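Coordinates in review
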Amino acid sequence: VQLQASGGGLVQAGDSLNLACKVSGRGPHNYGVGWFRQAPRKEREFLAALKWNGEDPLYGDSTKGRVIISRDNAKNTVFLRMEDLKAEDTAVYYCAAPQTTYTYYTSWRCYDSWGQGTLVTVSS
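Regarding its fold elements, the protein presents zero helices and eleven strands. Secondary structure elements of the protein occur, N-terminal to C-terminal, as β-β-β-β-β-β-β-β-β-β-β. Since a compact globule built from 124 residues should have a radius of gyration of about 14 Å, the 13 Å found for the protein is in line with a globular shape. In terms of principal-axis extent, the alpha carbons of the protein reach across some 40 × 30 × 25 Å.

Structure, rendered in structure tokens:
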């Protein structure tokens, strides 16, 4: 599958932001999707992941409570809503899918297909 992330930009601290990940290719609705981010000189960080059917979301510890993942399989799109943004949320945000259908993970190493990333800059 192919993924394309969008929705990044420059926002103010305290704002909310909705990112979208368009999934295309063969059977896109059969893939779990994860969201990650990477700030300069930092490790890639897990944010959230969702099953192919939209159930059982997983969230990373650092942003738990401020992040909501959802999907609309009719539109082949997975969303990430972030609330109460902080300067430390500034990063490139990526969505990804594993090679195997009906799976999802918290480790970025388990994902094989990646979108190009969308930059989120939070101004304080």
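After that view of the structure, there is still more to cover.
What follows deals with the packing of aromatic side chains. Given two aromatic rings, their pairing is described by the distance between the two centres and the angle made by the two planes. Counted under the stated rule, the structure contains seven aromatic pairs. Taken together, a centroid distance of 5.2 Å and an interplanar angle of 85° make the contact between Trp52 and Tyr102 edge-to-face. Of the two residues, Trp52 is situated in the loop between β5 (45-50) and β6 (58-59) and Tyr102 in the loop between β9 (91-97) and β10 (113-114); the sequence distance between them amounts to 50 residues. By relative accessible area, which is 32% here, Trp52 ends up partly exposed. Tyr102 gets classed as partly exposed once you look at its relative accessible area, which sits at 47%. An aromatic cluster is defined as three or more aromatic residues linked by ring pairs; in this entry it consists of Phe36, Phe46, Tyr94, Tyr105, Tyr111 and Trp114. The side chain of Arg44 reaches across the aromatic face of Tyr94, ending 5.0 Å from its centre.

This paragraph deals with the side chain of Arg71. On the secondary structure map, Arg71 appears in strand β7 (residues 67-72). Nearest to the buried, unbridged Arg71 among oppositely charged side chains is Asp72, at 8.3 Å. One polar contact links the side chain of Arg71 to the main-chain carbonyl oxygen of Lys51, over a distance of 3.0 Å. Engagement of the side chain of Arg71 in a polar contact is seen with the side chain of Asn73, the distance being 2.8 Å. Apart from the residues lying within four places of it in its own chain, the contact partners of Arg71 are Pro28, His29, Tyr31, Gly32, Val33, Leu50, Lys51, Trp52, Gly54, Thr77, Val78 and Phe79.

Time to look at the pairing of strand β3 (residues 17-24). Direction of pairing for strand β1 (residues 2-6) relative to β3: antiparallel, over a ladder of five bridges. The residue of β3 that forms the bridge with Gln2 is Ser24. Here β3 runs beside strand β8 (residues 77-82); their pairing, made up of six bridges, is antiparallel. Across the sheet, residue Leu17 finds its bridge partner in β8, namely Met82.

Cut-offs and rules
- Residues numbered from 1 in each chain as written.
- Predicted model: local features only at pLDDT ≥ 70, side-chain atom pairs only at ≥ 80, totals over all residues.
- Heavy atoms only, no water.
- Helix = DSSP H or I, 4+ residues; strand = E, 2+ residues; numbered from the N terminus.
- Rg over C-alpha atoms; globule rule 2.2 N^0.38 Å.
- Phe/Tyr/Trp six-rings, centres within 6.5 Å; stacked < 30°, edge-to-face > 60°.
- Buried < 20%, exposed > 50% of the residue type's maximum accessible area, 1.4 Å probe, protein only.
- Lys NZ or Arg CZ within 6 Å of the ring centre and 35° of its normal.
- Lys, Arg positive; Asp, Glu negative; His and termini not counted.
- Salt bridge = Lys/Arg side-chain N within 4 Å of Asp/Glu carboxyl O.
- Polar contact = N/O pair within 3.5 Å; in protein donor to acceptor, adjacent residues only side chain to side chain.
- Contact = heavy atoms within 4.5 Å.
- Pairing = 2+ DSSP bridges.

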